[in-house]
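# Fold and contact review
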Amino acid sequence: MKRLILSTMGLLWAGLAFAQETKQQQIANWERAKTYTMEYLEAMPEAAYAMKPTPDIRSFAQQMGHIADANYAFASAASGIESPMKGSIEKGDDLSKATITEAVMNSYDFVISAIEGMADSDFDESIKFFGMDVKSGLALEKGFEHQTHHRGQCTIYLRLNGVTPPEEKLF
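## Considerations on the side chain of K97
Following the sequence through the fold, K97 ends up in helix α3 (residues 97–116). One buried charged residue, K97, forms no salt bridge at all, with the nearest opposite charge on E46 at 6.3 Å. Excluding residues that lie within four positions of it along the chain, K97 makes contacts with L41, E42, M44, P45, E46 and Y49.

Next comes the structure, spelled out in structure tokens:
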């Protein structure tokens, strides 16, 4: 009986430690992504923010605005905190370097703040997202995947403008 109790307590402790690590790791990952994205925003010359590699895809500014819009959506859905962003950054009238940079950085701040405000147990909460039942933690992971995907696309935009992309930040 003593072994059963100790084993159960050990599993509970391990589960709590894992949840804490997961939350802290998510925060660290999003902070790293914010820094990395800022390097992309800074690297692109202002005159190239409107540049589209082909006419039928987003401009660099729209790509970055799309990242910001999605950051708000994923973090709001995962945390239950209402997004302060009304409308769309990507589809906004002012797609200047200064406006886009501020908007994108604010979106990362919102994500990080939302995660910081979540209890460990919140990551296992079921939510409706894109019509599916998913866990809050998974929604945040997919948000992270989404911003990584679109930032990666922006590598081509930089290269087409003669800019060497920032060095990768895996850790």
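Let us keep going from here.
## Quick word on the pattern of salt bridges
In the structure shown here, the tally under the stated rule is six salt bridges. For E82, the salt bridge is made with K86, and the minimal N-O distance between the two is 2.9 Å. Ionic pairing is found between K142 and E145, a salt bridge with its closest N-O pair at 3.1 Å. A residue pair is termed a helical-turn pair when its members lie 3 or 4 positions apart in one helix, as K142 and E145 do in helix α4 (residues 136–160) at three residues. Overall, the relative accessible area of 41% leaves K142 in the partly exposed class.

What counts, and at which threshold
- Going along each chain's sequence as written, the residues are numbered from 1 onward.
- The predicted origin of the model limits local features to residues at a pLDDT of at least 70 and limits the giving and counting of side-chain atom pairs to 80 or more, whereas totals for whole chains, interfaces and linings rest on all residues.
- The side-chain numbers reported here are obtained from all heavy atoms of the structure, hydrogens and water having been left aside.
- Note on conventions: DSSP H or I runs of at least 4 residues are helices, E runs of at least 2 residues are strands, and numbering of each starts at the N terminus.
- Only protein chains enter the accessibility calculation, which uses a 1.4 Å probe; a residue whose area is less than 20% of its type maximum is buried, one above 50% is exposed, and one in between is partly exposed.
- Note on charges: Lys and Arg go in the positive column, Asp and Glu in the negative column, and His and the chain ends are not counted at all.
- The salt bridge criterion pairs a side-chain nitrogen of Lys or Arg with a carboxyl oxygen of Asp or Glu, the two atoms within 4 Å.
- In what follows, a contact means two residues having at least one pair of non-hydrogen atoms within 4.5 Å.

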